[in-house]
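Secondary and tertiary structure notes
Read off the chains here:
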Amino acid sequence: MNDTTDKDGKKLGGTLTLKRPAVEQSRVKQSFSHGRTKTVVVETKRKRFGEDTKPAAPVVEQRQGFQPKPKVAVQEAPAGSRPAAPAGPAPSRSGVVLRTLTADEREARERALADSRVREAQERKRQEEELVRRKSQEERDQVEREAAARRKAEDDARHQVEEQGRRKAEEAAKKLTPRGPARDEEEEAEAPRRSSGGVFRPGASRLGAARVVKPVAPTRSKADIAKKENRGRLTLANALDEEGGDRGRSIAAFRRRTERLKNKAHGFQMPTEKVSREIVIPEALTIQELSNRMAERAVDIIKLLMKQGQMHTINDVVDADTAQLVAEEMGHKVKRVSESDVVESLDGDTDAPENLKSRPPVVTIMGHVDHGKTSLLDAIRKTNVVSGEAGGITQHIGAYQVNTPRGLITFIDTPGHEAFTSMRARGAKATDIAVLVVAADDGVKPQTVESINHAKAAEVPIIVAINKMDKPGANATRVRTDLLQYDLVAESMGGDVLDVEVSALKGTNLDKLLETILLQAEVLDLKANPDREAGGLVVEAQLDKGRGPVATVLVQRGTLKHGDIFVAGSAWGRVRALVNERGEMLKEAGPSVPVEVLGLNSAPEAGDRFDVVPNEARAREITDYRERQRREKRGAGGAARASLESMMSQMAQAGRKEFPILVKADVQGSAEAIVQALEKIGNEEIRARVVHYAVGGISESDISLAAASGAVVLGFNVRANGQARDAAQAQGIEVRYYNIIYDLVDDIKAAMAGQLAPELRETFIGNARILEVFNITKVGKVAGCLVTEGKVERGAKVRLIRDNVVIHEGTLSTLKRFKDEVREVASGTECGMAFENYQDMRKDDVIECFRVEKVARTLA
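Here's what I pulled together on the structure shown here. Computed from a predicted model, the values in this text were never measured in an experiment.

Section: the overall build of the protein
A count of helices and strands for the protein gives 21 helices and 36 strands. Classification of the 860 residues of the protein by burial places 38% in the buried group. A separation of at least 24 residues holds for 69% of the contacts in the protein among residues at least 6 apart in sequence. As displayed, the protein has an accessible area near 51300 Å², and 50% of this comes from carbon and sulfur atoms.

Dropping the structure here:
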């Protein structure tokens, strides 16, 4: 038994044998910082023959002692200590383990080989494509080189022709120029420069210096040659040299002359033919714009205008007639355009009959106030809108869509109050059928007649709905008879006007009313093209605090889609959202569909048309034109030419008081109705003047405007923000809030009537006849009178009448009965009276006593 030792002489233990061990061991010594070492024992297993019949590829594994892994036993021995003897035979020094691959490993290896083959195929394909690309690039480069060679040959040929022409021009110049010694010397000096491509010395060419030419002898010295070489430079010494003689021609002048001669030799002349252009001339443009359009100099245009007696500068604006005269005088053709051309093509072409499709009818509910229009619509829609209306009256236009068994119907509800005339007119303009609601117990009223006139002006058929048939005093026959005087003859009386007796409260005959509406729509054969740009009418507009400007529109043609750019009056925007009357978001709205549109830059006017345009530039162009037209229209009234009649009316109105008012409302239609109602208030002494009206809440700028103009701020269904309230309180501006229009009108009437001078009303009290006049010392004249009629009161107004002519009017200062002062004297009683500051009283004069009362005035 011999113990084995390692190379360091340490015993490892074990018995020597010829049998190959199954597990071989080896040790690895590791060194660390600060002198630390560590010995790691590595065991490697050998594959035994007979375990696996399939050949296995050897796998090299190496494990460190501090990372134990399966199938490898690692032992770590501290430095300097003897490692424990392994249980198996002695280890091998190779540290290599050959073992059989498992099924997972073989599958992984096959996948790796397959991926490698795919990558190789992709690489070969990429190389082939790169080769094709390089070949095509080389072919293109070859074509470009050949083209460049051809261009170079053409340039060389052209340069050769130009050089020959230049030489001929020089020869012609030599023949025309007198020769002399100085000229020969100068040409000899310039010859090497011309042969080198015409490059001159920088100093001479940049300064344009003229050379000083001096006569020289046939034999020249070095100094003369140096002087000759430097003669082209213009220096201070050369300029002040008295012996230098006259200066010669400059190089630039010689070049210009040579160029002229060369052009003359080749027969080349500058084109002088006038180019005639077609000039588009708007209604007004500046002289600079006109010159740019004609490609003419602005100076020539100004000269032409000066010949005609007009003095202008380049930035002056000329009218279209003047611009046309100038353009035609300069030989150009003129095409006149107008600013209104930008809105002429908005409606587009007429739709072809095969593109038209049926659309729902648009029905407007019209009638007198409190005749049940909104209640009737609520009964049809099965809603309760009227309960939310302030004062129980409709003050906005509402648009709704009702789904019936026979199809959709779009309803527009209009106010019936007398102040909302323009709203009713807009409702009639946008409608296909007008439903005239008349209360059976009230009959035809003023707003009923107005609604009839609006419907006739819009040329729409009328269906009469006789409402409130459930009331005891209902009389439908009286309603039909009253309508005869307005050319509305019911079918029951042999006419062509459809009428239905309904009850909104009980829901009677509502289905018959809907059937009548759809029957009338079938007769009208309503159609529209949904596959085109949208267009329609703005029914209502408002400024919402959270959503911004919101417009309620009725689509009349085309389909309005999310993201469309459209214009409405002087406002434009991109459709950000489409909301129906139930608050649902829509992606698009077809013909006869009422929707709320969000995305405008400002609130449009109610009644404006809206149209979809292709881009933002077109939208801005249209809105700018409409805004200019609106400003000009507003300023036209003040700039009107004065006439004698207008001057007289202005003089009559100069004494009228004005009641300034600032109106802010929730929607555009209400603001417009309030302004129209306020303008009707007043008389020959006072009138209401609306300083400003708009939609939205009351802001601080509104308070500032009211303070500057002394106006009263009226808020209709809106409120003032915190800053506006503080500013109004600080500046003493009155802000009033209303939600019913007739309350607002009544308050303004009362406020305006308070500024009127009160009416003086005279009341007769009595008469007295002077019996005798007494002259009392220190008192003056006192009249002894007999009261003949009524009574006489002290302090009352009196008139002194002589021969039926009023001599004096004043006040009683003294009224005595015997010697006592009394307040009044009855008829048939004698008394003494004296006037204030008046003594001319005579016997038989009559004294009339009366009282003056101040009565507050009112406005009708």
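Next comes the rest of the write-up.
Structural notes on the packing of helix H18 (residues 668-679) against helix H21 (residues 741-754)
At a closest axis distance of 11 Å, the pairing of H18 and H21 adopts a crossing angle of 30°. When you trace H18 past H21, the crossing you get is right-handed. Where H18 abuts H21, its residues Ala673, Ile674, Ala677 and Leu678 lie against Ile741, Leu744, Val745 and Ile748.

Observations concerning the sheet that holds strand E26 (residues 686-695)
Pairing is parallel in the open sheet, where 4 strands are placed in the order E26-E25-E27-E28. Each end of this open sheet is capped by a strand with a single partner; those strands are E26 and strand E28 (735-738). Put simply, the sheet's adjacent strands are angled 25° from each other on average, direction ignored. Both strand E25 (residues 657-665) and strand E27 (residues 712-716) contribute to a ladder of 5 bridges, which runs parallel. Opposite leucine 662, over in E27, you have valine 713 as the bridge partner. Across the sheet, H18 is in contact with E25, E26 and E27; its angle to E26 comes to roughly 170°.

What about the nonpolar core?
Among the nonpolar cores identified, the biggest contains 25 residues, and Leu376, Ile380, Phe411, Val435, Leu513 and Ile517 are the most heavily contacted of them. Mapped by element, the contributors of at least two residues to this core are strand E9 (362-367), helix H11 (373-381), strand E10 (398-404), strand E11 (407-413), strand E12 (433-439), strand E13 (462-467), strand E14 (498-501) and helix H15 (510-524). Take this core: its biggest share by element is 6 residues, from H15. With sequence-adjacent residues up to four places away left out, isoleucine 517 is seen in contact with Val363, Ile409, Phe411, Ile433, Val435 and Ile463. Core analysis: the next-biggest nonpolar cluster, separate from the first, contains 21 residues, Ala665, Ala671, Ile681 and Ala688 among them.

Things to note about the packing of aromatic side chains
One pass over the full model with this rule turns up 2 aromatic pairs. On the numbers, 6.1 Å between centres and 85° between planes, the contact of phenylalanine 566 with phenylalanine 610 is edge-to-face. Placement of phenylalanine 566 in strand E19 (residues 565-568) and of phenylalanine 610 in strand E24 (residues 609-613) is noted, with a sequence separation of 44 residues between them. Both residues of the pair, phenylalanine 566 and phenylalanine 610, count as buried. Over the face of the ring belonging to tyrosine 737 we find arginine 719, whose NZ or CZ atom lies 4.5 Å from the ring centre. Between the NZ or CZ atom of arginine 799 and the centre of the ring of phenylalanine 850, over which it lies, the distance is 3.9 Å.

Here's the deal with the pattern of salt bridges
Evaluated as defined, the whole model comprises 39 salt bridges. Aspartate 702 serves as the salt-bridge partner of lysine 664, at 2.6 Å between the closest nitrogen and oxygen. Within this pair, whereas lysine 664 is found in strand E25, its partner aspartate 702 is found in helix H19 (residues 700-709), the two being separated by 38 residues in sequence. Both residues of the pair, lysine 664 and aspartate 702, belong to the buried class.

So, the environment of alanine 320
By the element assignment, alanine 320 lies in helix H9 (residues 320-329). Along the chain, alanine 320 and alanine 284 lie 36 residues apart, while their C-alpha atoms are 5.6 Å from each other. When sequence neighbours within four positions are dropped, the list of residues in contact with alanine 320 reads Ile281, Pro282, Glu283 and Arg336.

Details of H18
Here H18 is 12 residues long and its end C-alpha atoms lie 17 Å apart, about the 16 Å a rise of 1.5 Å per residue gives. Counting buried positions over the 12 residues of H18 gives 10, a clear majority of the element.

A word on a nonpolar patch on the surface
Residues Phe774, Ile776 and Val779 make up a contiguous nonpolar surface patch of roughly 280 Å² in combined accessible area. With respect to the helices and strands, isoleucine 776 occurs in strand E29 (residues 759-776). Judged by relative accessible area, isoleucine 776 falls into the partly exposed class, the value being 40%.

Looking at the pairing of E27
The buried fraction of E27 amounts to 5 of the 5 residues, a majority that puts the element mostly inside the structure. Alternating residues of E27 divide into Val712, Leu714 and Phe716 and Val713 and Gly715, and every residue in both groups is buried. Summarising the sheet, E27 and E28 pair through 4 bridges and their orientation is parallel. Bridge assignment links leucine 714 to a residue of E28, and that residue is arginine 736. Following the backbone out of E27, through helix H20 (residues 722-731) and into the adjacent parallel E28, one traces a crossover that is right-handed.

Quick word on the packing of H19 against H20
Put simply, H19 and H20 touch, their axes get as near as 8 Å, and they point 20° apart. Here H19 is positioned roughly parallel relative to H20, judged by the angle of their axes. Judged by the twist between their axes, the crossing of H19 over H20 is right-handed. Of the residues in H20, those touching H19 at Glu700, Ile703 and Ala707 are Gln723, Ala724, Ala727, Ala728 and Gln731. In the contact of H19 with H20, the residues fall into 5 nonpolar, 2 polar and 1 charged.

As for the side chain of histidine 368
As for its position among the elements, histidine 368 is in the loop between E9 and H11. Among the polar contacts listed, one links the side chain of histidine 368 to the side chain of glutamine 447, at a separation of 3.2 Å.

Digging into helix H7 (residues 287-294)
The complete set of buried residues in H7 reads Ile287, Leu290, Ser291 and Met294. Summarising the axial view, the buried residues of H7 lie within an arc of 100°, below the 170-degree limit, and thus occupy one face. In this fold, the buried residues of H7 make contact with strand E4 (278-281), strand E5 (284-286), helix H8 (298-307), strand E6 (317-319) and H9. Alanine 295, located one to two residues past H7, shows a positive phi value of around 60°.

Some details on the side chain of arginine 557
Position of arginine 557 among the secondary structure elements: in strand E17 (residues 548-557). A polar contact of 3.2 Å, which involves the side chain of arginine 557, links it to the backbone oxygen of glutamate 533. The residues contacting arginine 557, other than those within four sequence positions of it, are Leu346, Asp347, Asn529, Arg532, Glu533, Ala534, Gly535, Arg609 and Asp611.

Regarding the environment of proline 461
Its location among the elements puts proline 461 in the loop between helix H13 (446-458) and E13. Look at proline 461 and you get partly exposed, because its relative accessible area is 25%. Considering only alpha carbons, one finds proline 461 and aspartate 432, 29 residues apart in sequence, at a separation of 7.5 Å. Ignoring anything within four residues of it in the chain, the contact list for proline 461 reads Asp432, Ile433, Ala434, Gln520 and Leu524.

A closer look at unusual backbone geometry
Among all residues except glycine, the phi angle is most often negative; among peptide bonds, the trans geometry is most common. Not every positive phi belongs to a glycine, and alanine 295 is a case in point at roughly 60°. You can see alanine 295 is positioned in the loop between H7 and H8. Despite not being glycine, asparagine 804 has its phi angle at roughly 60°, a positive value. Along the chain, asparagine 804 falls in the loop between strand E31 (797-802) and strand E32 (805-817).

Criteria and thresholds
Residues numbered from 1 in each chain as written. Predicted model: local features only at pLDDT ≥ 70, side-chain atom pairs only at ≥ 80, totals over all residues. Heavy atoms only, no water. Helix = DSSP H or I, 4+ residues; strand = E, 2+ residues; numbered from the N terminus. Buried < 20%, exposed > 50% of the residue type's maximum accessible area, 1.4 Å probe, protein only. Contact = heavy atoms within 4.5 Å. Areas by Shrake-Rupley, 256 points an atom, 1.4 Å probe, with all protein chains shown as cover. Axes fitted to C-alpha atoms, helices over the stretch in contact; angles between N-to-C directions. Left-handed = near helix turned anticlockwise from the far one by under 90°. Pairing = 2+ DSSP bridges. Core = buried A, V, L, I, M, F, W, Y, C linked by side-chain atoms within 4.5 Å. Phe/Tyr/Trp six-rings, centres within 6.5 Å; stacked < 30°, edge-to-face > 60°. Lys NZ or Arg CZ within 6 Å of the ring centre and 35° of its normal. Salt bridge = Lys/Arg side-chain N within 4 Å of Asp/Glu carboxyl O. Expected span 1.5 Å × (residues − 1). Patch = residues over 30% accessible without salt bridge, like charges linked within 9 Å, V, L, I, M, F, W, Y side chains within 5 Å. Right-handed = clockwise from strand over helix to strand, strands pointing away. Parallel < 35°, antiparallel > 145°, perpendicular 65-115°, else oblique. Nonpolar A, V, L, I, M, F, W, Y, C, P; charged D, E, K, R; others polar. Polar contact = N/O pair within 3.5 Å; in protein donor to acceptor, adjacent residues only side chain to side chain. Arc of directions from axis to C-beta.

Read these as geometric descriptors, not functional statements.
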